[in-house]
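# A structural walkthrough
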Amino acid sequence: MSHEIPPAAPAAHFIRNIIEADLAAGKHAQRRWVGRPGPAADHAAAPLDPARIRTRFPPEPNGYLHFGHAKSILLNFGLAAQYGGRCHLRFDDTNPEKEEQEYVDSIVDSVQWLGCSWEMGDENNRYYASDYFDWMFAFAEYLISAGHAYVDSQSAEAMRANRGTLTQPGKDSPYRNRSVAENLDLFQRMKAGEFADGAHVLRARIDMAAPNINLRDPAIYRIRHASHHNTGDKWCIYPMYTYAHPIEDALECITHSICTLEFEDQRPFYDWLLERLAEGGLVQRPLPQQIEFSRLNLTYIVLSKRKLIQLVDDKHVDGWDDPRLPTLVGARRRGYAPEGFRLFAERIGVSKNDSLIDYALFEDAQREVMNESDQRRVAVLDPLKLIIDNYPAGQFEDCQTPNHPLHPELGERTMPFGRELWIEAEDFQEIPEKGFRRLFPGNKARLRYGYVVECTGCDKDATGKVIAVHCAYLPDTKSGTPGADSVKVKGNLHWVSAAHACPAEIRLFDRLFRVPAPGARREGDAPDLERNFLDDLNPASKTVITAQLEPSLKNARPEQRFQFERHGYFVADRHDAQPGQPVFNRTVTLKDSWGKEN
């Protein structure tokens, strides 16, 4: 049985306002959908689209998804669900040199792990941009025929030099006025493989003096003799992303194309291209609308793909699913809850303003979800032997322990109790500091779910280190019995039976970086100082210990989460655990102690 935080009421934001205005105006009410992507002619005779809106999540399969992608996934799938729509998962695989099936598989797993689905009813809206290459080529031929595109044979250096600057207009290519027939012939020969990489490109003919540099005859096709993970060697020319993306949206009848702010400057070309194709009757109106929002920026992490690759390749972390990395495979292995991502995304909202969000807010959302859902267990992370001298050797009894204090319907479990126990080393002080309430000679404390004990002394090794604590128990004080309250104590200790405990590897993870903005300049830095983000790595971001666990944890399933009382939330590692030999990763502590400790 699982217990989840009730979903937060969707907060109003500017994208929801746009969608609600479009729905109120009936903007997309006459849009038709043939049941699959296609040009306008395919949809023309189809029924009205059963989806009130269509959104999409369009990752390029050239890497692993990270926390920023989670925000986009939850936004796009969430809006579709809220407004009776559909969200498509589309692999934007137009770059054959960087894309691999490994990344496709990982993206599918991550989207599903977050609880999102591209399937609804009889629709399975999982698509590949490369499946549209024939349409993209035909649309490019139309643009050439209509005078909106031409083949440019300048070198890359000459094109760059003639593009102009932010303050100076560009210069027309000497090939800009080629005839339609010559352009079509060259483009078809490019497709046939007659030319080497870089010999020609196809460019849109717009305005080389446009203030927006992205409208200065952008390239829309380039020659690349490279095998593609989906189409093999069928193509040796590939569309540019800025050309392919709006076409993909139009073919899939996307209503609201939601992306991050770095694509804002590309919106004029997005609109220009779709208007030209709609004029030719190739794509259906109303056209998709591109809407931009601010990307996720969190303290103490980096989301740059280049920097993440450097962390992995230089072995600063243990692979892409290292629990310290802000990848979704890393988050899953660390034990973060998908519901925590959803709660966090709803709380931070959506805006057009870039801001740096405190990582503690993300952890708070995770704690709130896990406090509600995760059953409790006992683990001793820094074990110290406790010997109850007046308890019979070889005798054991059961202590009843609730699985979840907030959900009594989850029942209880038994913990064996005996003469020798493991307690936390910090729970004993031979000479107690002021305010210390746990075990010290002459003091009484309660063993949680068990008895009240009185400390009588300790054993030390040759170096003076305490290796065992001795005590006597009060037989009539067992928790749950009438005598439990007969002795009042202030200290409360958790423990596990030494004879039954399960030793296990525990990985304690902390933040990967020591500072909120890794690599950023700081006050007092010399003007010419360039910081390396690697200099800000936290050397204590991972600690491996051997702990003593209550016996019920011995057979924990991979990815099963628990709250270890006093210590935080932990998850059974999904890869390294063996039957009867669990390995646990600490997901997050019970409270945020980062600011106090650093």
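Presented here is a report on the structure given in the accompanying data block. (Residues numbered from 1 in each chain as written. Predicted model: local features only at pLDDT ≥ 70, side-chain atom pairs only at ≥ 80, totals over all residues. Heavy atoms only, no water.)

## With respect to the side chain of arginine 56
In plain terms, the rule: Only runs of H or I of at least four residues qualify as helices and only runs of E of at least two qualify as strands under DSSP, and these elements are numbered from the N terminus. Here a polar contact is recorded for every N or O atom pair within 3.5 Å, except that within protein the pair must consist of a potential hydrogen donor and a potential acceptor, and residues adjacent in sequence are included only if both atoms are side-chain atoms. Working rule for contacts: check all heavy atoms of both residues, and any pair within 4.5 Å makes them a contact.
Mapped onto the elements, arginine 56 comes out in strand 1 (residues 54-57). Within polar-contact distance, the side chain of arginine 56 engages the side chain of histidine 245 at 3.1 Å. Engagement of the side chain of arginine 56 in a polar contact is seen with the backbone oxygen of isoleucine 258, the distance being 3.0 Å. In contact with arginine 56, other than residues within four places in its own chain, are Asn76, Cys87, His88, Arg90, His245, Asp249, Ile254, Ser257, Ile258 and Cys259.

## Topic: unusual backbone geometry
The cut-off we apply is this: Using a 1.4 Å probe on the protein chains alone, a residue whose accessible area is under 20% of its type maximum counts as buried, one over 50% counts as exposed, and one in between counts as partly exposed.
The omega torsion of the bond from arginine 285 to proline 286 falls at 0°, within 30 degrees of zero and hence cis. Assignment of secondary structure puts proline 286 in the loop between helix 9 (267-279) and strand 11 (289-293). One non-glycine residue, arginine 566, lies in positive phi territory at about 80°. Using a relative accessible area of 31% as the deciding quantity, one classes arginine 566 as partly exposed.

## Here's the deal with the sheet that holds strand 8 (residues 219-223)
What links the strands of a sheet is backbone hydrogen bonding, and the strands pair in either a parallel or an antiparallel sense. For the record, the criterion: Note on pairing: two strands pair once DSSP finds at least 2 bridges between them. Geometry is summarised by axes, namely lines fitted to C-alpha atoms with helices restricted to the contacting stretch, and by angles between N-to-C directions that run from 0 to 180 degrees.
Strand order in the open sheet formed by 4 strands is 6-7-8-9, and the pairing between neighbours is antiparallel. The open sheet has two free edges, formed respectively by strand 6 (149-152) and strand 9 (237-239), since each of these has just one partner strand. Strand-to-strand twist in this sheet, taken as the mean axis angle between neighbours without regard to direction, amounts to 20°. Of the pairings in the sheet, the one linking strand 8 to strand 9 comprises 3 bridges and is antiparallel in character. Bridge pairing links isoleucine 223 to isoleucine 237 in strand 9.

## Let's talk about the packing of helix 5 (residues 133-145) against helix 8 (residues 241-251)
The test is simple: Any angle from 65 to 115 degrees is called roughly perpendicular, while one under 35 is roughly parallel, one over 145 is roughly antiparallel, and all others are oblique. It is the rotation of the near helix from the far one that decides the hand of a crossing: anticlockwise by less than a right angle makes it left-handed, clockwise makes it right-handed. All residues other than Ala, Val, Leu, Ile, Met, Phe, Trp, Tyr, Cys, Pro, Asp, Glu, Lys and Arg, Gly among them, are scored as polar; the first ten of these are nonpolar and the last four charged.
At a minimum axis separation of 11 Å, helix 5 and helix 8 run at an interaxial angle of 110°. Of the possible angle classes, the one that applies to helix 5 and helix 8 is roughly perpendicular. Considering the relative orientation of helix 5 and helix 8, their crossing is right-handed. Residue-level inspection shows Trp135, Met136, Phe139, Ala140 and Leu143 of helix 5 in contact with helix 8, the latter providing Tyr243, Ala244, Ile247, Glu248 and Leu251. Of the residues assigned to the contact of helix 5 with helix 8, the class counts are 9 nonpolar, no polar and 1 charged.

## Thoughts on the side chain of glutamate 248
Counting through the fold element by element, glutamate 248 comes out in helix 8. Using a relative accessible area of 0% as the deciding quantity, one classes glutamate 248 as buried. Beyond its immediate stretch of four places on either side in the chain, glutamate 248 contacts Arg90, Asp92, Thr94, Ala129, Tyr132 and Met136.

## Observations concerning the nonpolar core
Put simply, the rule is: Throughout this description, the term nonpolar core refers to a set of buried Ala, Val, Leu, Ile, Met, Phe, Trp, Tyr and Cys residues connected via side-chain atoms within 4.5 Å.
Ranked by size, the top nonpolar core spans 42 residues in total, and within it Phe187, Leu202, Ile220, Tyr221 and Tyr243 carry the most contacts. Those elements that place two or more of their residues in this core are helix 5, strand 6, helix 7 (180-192), strand 7 (201-204), strand 8, strand 9, helix 8 and helix 9. Core analysis: the second largest hydrophobic core is formed by 41 residues, Val111, Leu114, Ala331 and Leu343 among them.

## A look at a negative patch on the surface
So the rule is basically this: Here the term patch refers to residues with relative accessible area over 30% and no salt bridge, with like charges joined within 9 Å and nonpolar side chains (Val, Leu, Ile, Met, Phe, Trp, Tyr) within 5 Å. Computed with a 1.4 Å probe, the accessible areas rest on the Shrake-Rupley method; for each residue, only the protein chains presented here act as cover. In the sections that follow, a salt bridge refers to a side-chain nitrogen of Lys or Arg positioned within 4 Å of a carboxyl oxygen of Asp or Glu. His is not counted here, nor are the chain ends, while Lys and Arg score as positive and Asp and Glu score as negative. Throughout, a charge is located at the NZ atom of Lys, the CZ atom of Arg, the CG atom of Asp or the CD atom of Glu.
A cluster of acidic side chains, namely Glu100, Glu102, Asp105 and Asp109, defines a negative patch on the protein surface. Mapped onto the secondary structure, aspartate 105 falls in helix 4 (residues 101-113). A residue is classified by how much of its surface remains accessible, and aspartate 105, at 39% relative accessible area, is partly exposed.

## Examining the sheet that holds strand 2 (residues 86-91)
Taken in spatial order, the 3 strands line up as 1-2-5 in an open sheet, and their pairing is parallel. Where the open sheet ends on each side, the last strands, each with one partner, are strand 1 and strand 5 (126-128). Strand-to-strand, the axes of this sheet are offset by a mean angle of 35°, without reference to chain direction. Here helix 4 sits on the sheet and contacts strand 1, strand 2 and strand 5; the angle it forms with strand 2, its principal contact strand, is near 160°.

Bear in mind that shape data such as this cannot, by itself, settle questions of function.
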